[in-house]
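# Residue-level structural notes
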There are 2 protein chains.
Amino acid sequence: MNKLAVVAFGGNALLRSGQKGTIDEQERNVYESCKALVNLIRQGKDLVIAHGNGPQVGNVLLQHEAGSKTFGIPKMPMDVCVAETQGSIGYLIEQQMRNVLREEGIEKNIITLITQVVVDKNDEAFLKPTKPVGPYYSEAEAYSMEQERGWQFKKDPAGRGWRRVVASPKPIEVLNKIIVEALARAGNIVVTVGGGGIPVYFQENGNLMGIDAVIDKDLASAKLAEFIKADEFYILTDVPNVFINFNTHNQEKLEHVTIDKITQYLEEGQFTEGSMAPKIRAGIAFARQGGSTTITETTLLGTNHIGTIIHQ
Amino acid sequence: MNKLAVVAFGGNALLRSGQKGTIDEQERNVYESCKALVNLIRQGKDLVIAHGNGPQVGNVLLQHEAGSKTFGIPKMPMDVCVAETQGSIGYLIEQQMRNVLREEGIEKNIITLITQVVVDKNDEAFLKPTKPVGPYYSEAEAYSMEQERGWQFKKDPAGRGWRRVVASPKPIEVLNKIIVEALARAGNIVVTVGGGGIPVYFQENGNLMGIDAVIDKDLASAKLAEFIKADEFYILTDVPNVFINFNTHNQEKLEHVTIDKITQYLEEGQFTEGSMAPKIRAGIAFARQGGSTTITETTLLGTNHIGTIIHQ
């Protein structure tokens, strides 16, 4: 049986810093990111692609805000906004991957799914939301939305105004995981859990319902990788390796590292919260199931470079 | 082998006239539309769901326009906007269908695909675009965009300004049709070709590329139904039947009607262009392959009402 790999594209696979996010830029970035996966495919690995959506869902929220003020179009909640980005980003990935496969002479199909990820409504993350989303508001606007909609706001440290914060609850279930596994094992490349998945929960009556939240895309991808019994998990980002003592005279690049060792580094506070730390946690969570997690730069994937590989 | 049915939800399955399009309204409409499909499922039919996106993609275009003016966010082209609506509408359908299935005690999975539909860049529709999309502009704005981007504009007959028009080319290929057929035949409900599919074409180098166009959702659904060898095709809309001599003293409701007969009515000009006529053409195109096309009102689907059934 082929090895099964889950690859999580970071934000920079789609949008590089300094770019405005035009369609031409995004298409080119996605094309290059897809090109970097060719080596994995040539090694005979079955492939599932997950991806972030930070800048894109940020734009969608702003577009809904502007559309509401300018044209009176009802704003959609977070879950629907995430679904929109799964559509647009998933489309770009599927299209560029089809082009890459054709150019490489590889006969392989690719299929993009809209994916709901279930969270627990009682997840403690909902008690203190931390993830800033959407536009900046004046204090008065923020206050009135707090009263009207029960939203929570935080003052931007850089003084740009007030911004809504939502919870980042843990992913507990990925809908259609069984189909994802079957499609990938049959040789199809599957694009799924975009943006960490559309956040939903089960209501008391048993019905599914969207919820205002942002699920960490690396945690959601790790969970999917675990569910579908993947052999390998790749977290692709904008640095070639994980480092300890970063930016000091005894900075050290990590290549092969055990779960115990990197857990120790994590507890020492070696990794930045909101950036590398959540990737390490997702990497550890998957490696605990027996597979290996590689953290590296997207474009280095097809080269001889050894990224940071977490294993048991 | 179970019968395979393709059901195309019209705009009113998602948004009723007079509604503003809030998330609560759309969820309720979609829930009711999904409920109407239960009878087909209980009859043991395998199911593929297609859907329109008229009001939704219209809103996305306006939101992109407003987001560009207010926040400087790059506007995305039509293909990406259609992809966004496949994500949001597909999500709503999958979620509400899951809730309906649970309530009805039916064990069935549902899976939503992002779907590209290939058109011919030399389709004659590109010579004279007719489909109005996006916001109204002043004559000066329209003129400058015509010069800069090569877009085409038409003056609104009701005097609301100038509006961009895009082509509505014929669908010639549905990507992933083989997977759609396999998934549906295995008992999964599949949501696909939303909004007529994301319009793409093959460039001279063989690579796929998005294109500014709107594909008629009934034609795209009919094409898919033909490709996957469906037995039945349902076009769900907001009238219980197709009528001839509509709104005259000898108005007549059509129930069972042959391809020859309805083609004759079509040629007589019995059906409104831009409304019922394209549905009839899509219905005829599918029925020519040997199946039957039913045109009726969404909520009448589960009842004893006989819609208009086109057959050979």
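Above this text is the structure in question.
Keep in mind that what you see is a predicted model, and the values were worked out from it rather than measured.

Moving on: the relation of the copies chain A and chain B. Relative to chain B, chain A is turned by 180° and slid 0.0 Å along the rotation axis, the superposed coordinates differing by an RMSD of 0.0 Å. With respect to symmetry, the two chain copies, as superposed, fit the operation of a two-fold axis. Most of the interface of chain A is mirrored in chain B, where 98% of its interface residues again form contacts.

Residues and elements named next belong to chain A. For strand 12 (residues 232-237), a buried count of 6 out of 6 residues is recorded, marking the element as mostly surrounded by other parts of the structure. Burial along strand 12 is two-sided: the residues Glu 232, Tyr 234 and Leu 236 and Phe 233, Ile 235 and Thr 237 are all buried. Two strands pair when backbone bridges link them, and strand 1 (residues 4-9) and strand 12 are joined in this way by 5 bridges, in the parallel orientation. The residue of strand 12 that forms the bridge with Ala 5 is Glu 232. Direction of pairing for strand 12 relative to strand 16 (residues 292-297): parallel, over a ladder of 6 bridges. By the bridge assignment, Ile 235 is partnered in strand 16 with Ile 295.

Further remarks concern the pattern of salt bridges. Enumeration over the complete set of coordinates arrives at 36 salt bridges over all chains. For the salt bridge of B:Lys229 with B:Glu181, the shortest nitrogen-to-oxygen distance reads 3.3 Å. In this pair, B:Lys229 sits in the loop between helix 7 (217-227) and strand 12 (232-237) while B:Glu181 sits in helix 6 (residues 177-185), placing the two residues 48 residues apart along the sequence. Linked through salt bridges whose partners overlap, the residues forming this network are A:Lys35, A:Arg42, A:Glu103 and A:Glu104.

It is worth spelling out the interface of chain A and chain B at this point. Contact residues are listed per partner, giving 54 residues for chain A and 53 residues for chain B. On the surface where chain A and chain B come into contact, there are 0 salt bridges. Where chain A touches chain B, the interface holds 24 residue pairs in polar contact (both at pLDDT 80 or more). The greatest single-element share of the side of chain A that touches chain B, amounting to 14 residues, is contributed by helix 4 (residues 78-104) of chain A. Partitioning the side of chain A that touches chain B into residue classes produces 23 nonpolar, 23 polar and 8 charged.

Counting residues in hydrophobic clusters, the biggest one holds 94 residues, and the most contacted among them are A:Leu37 and B:Leu37. Setting aside residues no more than four positions away along its own chain, B:Leu37 makes contact with B:Val7, B:Phe9, B:Leu47, B:Ile49, B:Met97, B:Leu236 and B:Leu301. Listed in part, the 92 residues of the second largest apolar core include A:Ala225, A:Val242, A:Ala287 and B:Ile295.

With that settled, consider the sheet that holds strand 9 (residues 189-191) of chain A. Either a parallel or an antiparallel arrangement is found when strands of a sheet pair, and the pairing is made through backbone hydrogen bonds. Residues and elements named next belong to chain A. The strand order across the open sheet built from 8 strands is 3-9-2-1-12-16-17-15, with neighbouring strands paired in mixed fashion. Each edge of the open sheet is held by one strand with a lone partner, namely strand 3 (110-112) and strand 15 (256-258). Across this sheet, the average inter-strand angle for adjacent strands is 20°, counted without regard to direction.

What counts and what doesn't
- Residues numbered from 1 in each chain as written.
- Chains lettered and ligands numbered in written order.
- Predicted model: local features only at pLDDT ≥ 70, side-chain atom pairs only at ≥ 80, totals over all residues.
- Heavy atoms only, no water.
- Least-squares fit on C-alpha atoms with pLDDT ≥ 70 in both.
- Contact = heavy atoms within 4.5 Å.
- Buried < 20%, exposed > 50% of the residue type's maximum accessible area, 1.4 Å probe, protein only.
- Helix = DSSP H or I, 4+ residues; strand = E, 2+ residues; numbered from the N terminus.
- Pairing = 2+ DSSP bridges.
- Salt bridge = Lys/Arg side-chain N within 4 Å of Asp/Glu carboxyl O.
- Polar contact = N/O pair within 3.5 Å; in protein donor to acceptor, adjacent residues only side chain to side chain.
- Nonpolar A, V, L, I, M, F, W, Y, C, P; charged D, E, K, R; others polar.
- Core = buried A, V, L, I, M, F, W, Y, C linked by side-chain atoms within 4.5 Å.
- Axes fitted to C-alpha atoms, helices over the stretch in contact; angles between N-to-C directions.

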